[in-house]
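Inside the fold
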Amino acid sequence: MKHERLTGYAFALFTIIVWGSTFISSKILLTTYTPAQIMLTRFLLAYAALWLLRPRRMALSWRQELSFIVLGLTGCSVYFYTENSALTYTLASNVSIIVAAAPIFTSGGILVVCNGSFVLKLNPQGDLLALAAAGCWAVYSVLLRHVSQGLDPVLVTRRTMFWGILTALPIVILEGAPYPLSPLFTPVVAGNLLFLGLIGSALCFVLWNKAFRLLGVVTTNNFIYLNPFVTVVAARLVLREPISPLAAT
């Protein structure tokens, strides 16, 4: 039992370190692609990798399939669209701080958002988008616990990504923005997309699912509180973002 909990802690900690860094990759990619294009590309990469890793189908009842549709929306398309969109309005570190409210939602507490102009110096639109992302992640976390019981974590993640792709497509189409192909052959863009798709999505979603099973939803989600620390440090080193007073505390 102790070994299992240590494994769960290791999975959760590794995942949070990676996810804290993904804010930086997304911020960099937003200079080339739209929020919807970034999330769709990372989902496609993750889905392809998971198929290669586990090339077999998963039989589901229609009730289970409906649950996976909700997982795809709350854990993939809507979550990442609101998160990526928030990054277009405000600092990566600030978005990370607000998204870290997800454990509070999961525990059933009340989130109090301070006046952005006084404490966080955030753009109100960015605040609301990041807050919406936190709410999506809370729903995803609670539902995942019930849906994934007895199922292969790799197949669960792959199915979630499948519905993430299908629900992201309409958003990309509605945006109507051209998808430039030439940047895909540059090291910065290719490297960040591969990092988001293969590590941040395919690997980390599987590890997070396993951590849920070993530690429980609330304990695992508490690791999200470490997200801002990773993002603030990475944003300062890579993006040269200023550290706000709240982030410093």
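These lines cover the structure that appears in this document, whether it is placed above or below.

Thresholds, definitions, all that
- Residues numbered from 1 in each chain as written.
- Predicted model: local features only at pLDDT ≥ 70, side-chain atom pairs only at ≥ 80, totals over all residues.
- Heavy atoms only, no water.
- Helix = DSSP H or I, 4+ residues; strand = E, 2+ residues; numbered from the N terminus.
- Buried < 20%, exposed > 50% of the residue type's maximum accessible area, 1.4 Å probe, protein only.
- Contact = heavy atoms within 4.5 Å.
- Areas by Shrake-Rupley, 256 points an atom, 1.4 Å probe, with all protein chains shown as cover.
- Phe/Tyr/Trp six-rings, centres within 6.5 Å; stacked < 30°, edge-to-face > 60°.
- Expected span 1.5 Å × (residues − 1).
- Bend = angle between axes of the 7 residues up to and from the residue.
- Axes fitted to C-alpha atoms, helices over the stretch in contact; angles between N-to-C directions.
- Parallel < 35°, antiparallel > 145°, perpendicular 65-115°, else oblique.
- Left-handed = near helix turned anticlockwise from the far one by under 90°.
- Nonpolar A, V, L, I, M, F, W, Y, C, P; charged D, E, K, R; others polar.
- Patch = residues over 30% accessible without salt bridge, like charges linked within 9 Å, V, L, I, M, F, W, Y side chains within 5 Å.
- Salt bridge = Lys/Arg side-chain N within 4 Å of Asp/Glu carboxyl O.
- Polar contact = N/O pair within 3.5 Å; in protein donor to acceptor, adjacent residues only side chain to side chain.
- Core = buried A, V, L, I, M, F, W, Y, C linked by side-chain atoms within 4.5 Å.

**Points about the overall build of the protein**
Helix and strand counts for the protein come out as 11 helices and zero strands. Ordered by position from the N terminus, the helices and strands of the protein form the series α-α-α-α-α-α-α-α-α-α-α. Classification of the 249 residues of the protein by burial places 49% in the buried group. In the protein, of all internal contacts separated by at least 6 residues, the share reaching a separation of at least 24 is 88%. Of the roughly 11,600 Å² of accessible surface on the protein, 69% is carried by carbon and sulfur atoms.

**Section: the packing of aromatic side chains**
Taken as a whole and judged by the stated rule, the model has 16 aromatic pairs. On the numbers, 4.7 Å between centres and 35 degrees between planes, the contact of Tyr33 with Tyr179 is tilted. Taken together, the positions of Tyr33 in the loop between helix H1 (2–29) and helix H2 (35–53) and Tyr179 in the loop between helix H7 (153–175) and helix H8 (187–215) put the pair 146 residues apart, joining distant regions of the chain. Given the relative accessible area of 32%, Tyr179 is considered partly exposed. Note on Trp137 and Phe205: the rings are 5.9 Å apart at their centroids and 80 degrees apart in plane angle, and the pair reads as edge-to-face.

**A word on helix H3 (residues 62–87)**
Counted at 1.5 Å a residue, the expected span for H3 with its 26 residues is 38 Å, and the 36 Å between its end C-alpha atoms agrees. At Leu73, H3 is deflected by roughly 40 degrees, the largest bend along its length.

**Thoughts on the packing of H2 against H8**
For any two helices packed against each other, one specifies the crossing angle of their axes together with the interaxial distance. Here H2 crosses H8 at 55 degrees, and the two axes come no closer than 8 Å. As judged from the angle between their axes, H2 and H8 are oblique. In this structure, H2 crosses over H8, and the sense of that crossing is right-handed. Taking contact as the criterion, the partners of Ile38, Thr41, Arg42, Leu45, Ala46, Ala49 and Leu50 in H2 are, on H8, Leu193, Leu194, Leu196, Gly197, Leu198, Gly200, Ser201, Ala202 and Val206. Across the contact of H2 with H8, the residue classes break down as 11 nonpolar, four polar and one charged.

**Side note on the side chain of Thr74**
Structurally, the position occupied by Thr74 is in helix H3. Those residues within four positions of Thr74 in sequence are excluded, and the remaining contacts are Tyr79, Cys136, Trp137, Val139 and Tyr140.

**Examining a nonpolar patch on the surface**
On the surface, Phe229, Val233, Leu237 and Val238 cluster together into a nonpolar patch covering about 410 Å² of accessible area. Residue placement: Phe229 occurs in helix H10 (residues 227–239). Using a relative accessible area of 62% as the deciding quantity, one classes Phe229 as exposed.

**Quick word on the side chain of Thr22**
Checked against the element boundaries, Thr22 lands in helix H1. Separated by 2.6 Å, the side chain of Thr22 and the backbone oxygen of Trp19 make a polar contact. Apart from residues no more than four positions distant in its own chain, Thr22 is found in contact with Arg42, Phe195, Leu196 and Gly200.

**What about the nonpolar core?**
Core analysis: the biggest nonpolar cluster contains 61 residues, and Trp19, Phe43, Phe68, Trp137 and Trp208 have the highest contact counts within it. Top element by residues in this core is H8. It accounts for 11 residues.

**Structural notes on the packing of helix H4 (residues 92–99) against H10**
Between H4 and H10, the least distance of the axes is 8 Å, while the angle of their chain directions is 175 degrees. In terms of orientation, H4 lies roughly antiparallel with respect to H10. Contact residues: Ala92, Ser93, Ser96 and Ile97 in H4; Asn227, Pro228, Thr231, Val232 and Leu239 in H10. Here the contact of H4 with H10 is composed, by residue class, of five nonpolar, four polar and no charged.

**Topic: the environment of Cys204**
If you trace the backbone, Cys204 turns up in helix H8. Since its relative accessible area comes to 0%, Cys204 is described here as buried. A C-alpha to C-alpha distance of 8.5 Å links Cys204 and Ile16, two positions 188 residues apart in sequence. With near-sequence residues (within four places) excluded, Cys204 lies in contact with Phe14, Thr15, Val18, Trp19 and Ile199.

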